[in-house]
Every structure is written in structure tokens, then in C-alpha cells.
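Below are the chains, spelled out letter by letter.
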Amino acid sequence: ELRSREMVSNLKEHTHRVSKVQLWGDDLHLISASRDKALLCWDLKTEKRVSAHIQRMGGINYFDIVPGESLILTTGQDRKITYWDLREPNAVRSFDTNSNPKRGDECFALAISHDGKYFATGGSEEIVRLWDVGTGKVLGEGTGHSGAINTIAFSADDKQFISGGRDGSIFLWNVYA
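How each quantity is defined
- All chains use their own residue numbering, which begins from 1 and follows the written sequence.
- In view of the model being predicted, local features appear only for residues whose pLDDT reaches at least 70, and side-chain atom pairs are presented and counted only at 80 or more, with totals across whole chains, interfaces and linings using the full set of residues.
- Side-chain numbers here rest on the full set of heavy atoms in the structure, without hydrogens or water.
- Pairing between two strands is assigned when DSSP locates at least 2 bridges connecting them.
- Only DSSP runs of H or I reaching four residues or more are called helices, and only runs of E reaching two or more are called strands; each is numbered from the N terminus.
- The axes used here are C-alpha line fits, helices contributing only the stretch in contact, and every angle between their N-to-C directions lies in the interval 0 to 180 degrees.
- A carboxyl oxygen of Asp or Glu within 4 Å of a side-chain nitrogen of Lys or Arg is what we treat as a salt bridge.
- Classification of residues uses two cut-offs on accessible area relative to the type maximum, computed with a 1.4 Å probe and protein chains only: under 20% is buried, over 50% is exposed, and between them is partly exposed.

Student: So, the sheet that holds strand β9 (residues 107-112): which residues are in play, and what are the values?
Tutor: Strand order in the open sheet formed by four strands is β9-β10-β11-β12, and the pairing between neighbours is antiparallel. Only two strands of the sheet have a single neighbouring strand rather than two, namely β9 and β12 (138-143). Across the sheet, the axes of successive neighbouring strands diverge by a mean angle of 20 degrees, strand direction being ignored. As defined by bridge partners, strand β11 (residues 127-132) adjoins β12 across five bridges and the pair is classed as antiparallel. The partner of arginine 129 across the bridge, within β12, is glutamate 141.

Student: I'd like a description of the pattern of salt bridges, backed by residues and values.
Tutor: When their charged atoms lie close together, side chains carrying opposite charge are able to pair. According to the stated counting rule, one finds seven salt bridges in the structure shown. We note a salt bridge from arginine 87 to aspartate 85, for which the minimum N-O separation is 2.8 Å. In this structure arginine 87 comes out as exposed when scored by relative accessible area, which is 64%. Arginine 129 serves as the salt-bridge partner of glutamate 141, at 2.9 Å between the closest nitrogen and oxygen. Pair noted here: glutamate 141 is in strand β12 and arginine 129 is in strand β11, with a separation of 12 residues, a long-range link.

Student: Outline unusual backbone geometry, supporting the account with residue identities and numerical values.
Tutor: A positive phi angle, near 60 degrees, is found at arginine 5, a position not held by glycine. As for its placement among the helices and strands, arginine 5 is situated in the segment before β1 (18-23). Arginine 5 gets classed as exposed once you look at its relative accessible area, which sits at 75%. The phi dihedral of aspartate 27 falls on the positive side, at around 60 degrees, and the residue is not glycine. Position of aspartate 27 among the secondary structure elements: in the loop between β1 and β2 (29-34). For aspartate 27, a relative accessible area of 51% translates into the label exposed.

So, in C-alpha cells, the structure goes:
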């Protein structure tokens, strides 16, 4: 509570650094991800965890929620993109972050377009990739960063997205899909 400066709730279950938190569209649920391999869904009214989805290898660096669905995409230390349906206990689908599984890109950033058709990733290989959510296929790649990519965001009309890197650069990318 900001006026009284009192903590309203403490949701403690992750055992490592929390990499992202995001409110669900209903403002009653919270999704959290951590380097402890866990993607957790919390009920904010009861202040309890309602589901846990555990990745086999490596922590989760980032996630985003497909608009209007119970589908979440994660990426992390396992160098994979993983699809999670919150109604299912296990991952729905998983694939490598690039065509060479021995040298996959550890993605630090992932963003889904507002229409839910595309997602973009960026990470340790300094390459921005645009993917099709439905097929999981790469639609395009872009280079220019000279350091790992930390953040990605789509424009409101989904015709462009931006990426920011550890090298201090920000790039604007057009979406021709």
C-alpha cells in the first residue's frame, strides 16, 4: 500500500533470481519466471500459487503471453523457445533458438506482437529473429548489434519492433511478414 508504505503481499517460492513478472489480462493473476527453471502462475486474491511449470534444463530468461490465450512462450539458458499452455502440466512444444542446436542463441529478450501472430527474440548471438507463433519458423533475421540483445518491443500497430543491446545501441526493425 503506497499511502501507508506497507507491503500488501509476499509471494515467495522461487529459489533463484526472478527474471520477469507480468500481470495476466484479468489483473487477478500474476505470471513469474526465474533462473530456477520455474514458470509460476499466482492467484493474487488468495495469494497462492495456482500452477507451476518446470523447465528441464537451464533457467528461464524471459517470457511473454500470447494475447487472448492461455499460451506463454519462454526462452532461457537451455537455448530453446518453449510453448506452455497454463492448463497443461508440461510444455506443449519446444525447439532450438536457431538452426544449429550445438550453438543455439541464449535469448535474453522475447516479445509477442499485439495480434499474437509473430514473436521476436534476441540474445547472446547479437541476432534479432522474427518468428511465426503458429509454425515456430523463423521469418527473418537482422544483425547490427555488437553486444547481446537485452530487450525487444513491438510497436502498437505491429509493423515495427525495436531491440536494445548491451552495447548501448537501439535498432528499429520493419516487419514485412
